[in-house]
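Topology and contacts: notes
The residues making up each chain are set out below.
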Amino acid sequence: MKNNAPNYKKIYADILDYKFPEQKEKYTFILNKSELSVLDILKLNKMIFKDENQASQKFKSYTKEDILEILEYQKNNNLNNTQVASYFKMSRNTLGKWKKLYQ
């Protein structure tokens, strides 16, 4: 079965090669992971771009594994829906819907 997910390791490695070659060494600890999770991708994006791009969140999509990881993050850090939604820049309603579906 073919996986249609983007290759985030390649995308971010290329961004670092072309736009920020002097910073590439700082991010190798994340890029050397065998597989990047949604939390790794968000962390990497935040570290590289430092909130310079405020892209619309309505075009983001999450897999079931991503959703479960976000919900696990919430549980491990004892956060409420508002705090998690703010951290991941998403709607509280989306988070509430996910909790009803997956917990």
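Residues numbered from 1 in each chain as written. Predicted model: local features only at pLDDT ≥ 70, side-chain atom pairs only at ≥ 80, totals over all residues. Heavy atoms only, no water.

The final tally for this structure, using the stated rule, is four aromatic pairs. Ring geometry for Y73 and F88: centres 5.5 Å apart, planes at 80°, overall edge-to-face. In this pair, Y73 sits in helix 4 (residues 64-76) while F88 sits in helix 5 (residues 81-88), placing the two residues 15 residues apart along the sequence. Here Y73 falls in the partly exposed class, since its relative accessible area comes to 22%. Both rings, one in Y87 and one in F88, keep their centres 4.9 Å apart while their planes meet at 90°; by these two values the pair is edge-to-face. Classification of Y87 by relative accessible area gives partly exposed; the value is 42%. Among the residues examined, F88 registers a relative accessible area of 2% and is labelled buried. Sitting over the ring of Y87, K46 keeps its end group 4.7 Å from the ring centre. (Phe/Tyr/Trp six-rings, centres within 6.5 Å; stacked < 30°, edge-to-face > 60°. Helix = DSSP H or I, 4+ residues; strand = E, 2+ residues; numbered from the N terminus. Buried < 20%, exposed > 50% of the residue type's maximum accessible area, 1.4 Å probe, protein only. Lys NZ or Arg CZ within 6 Å of the ring centre and 35° of its normal.)

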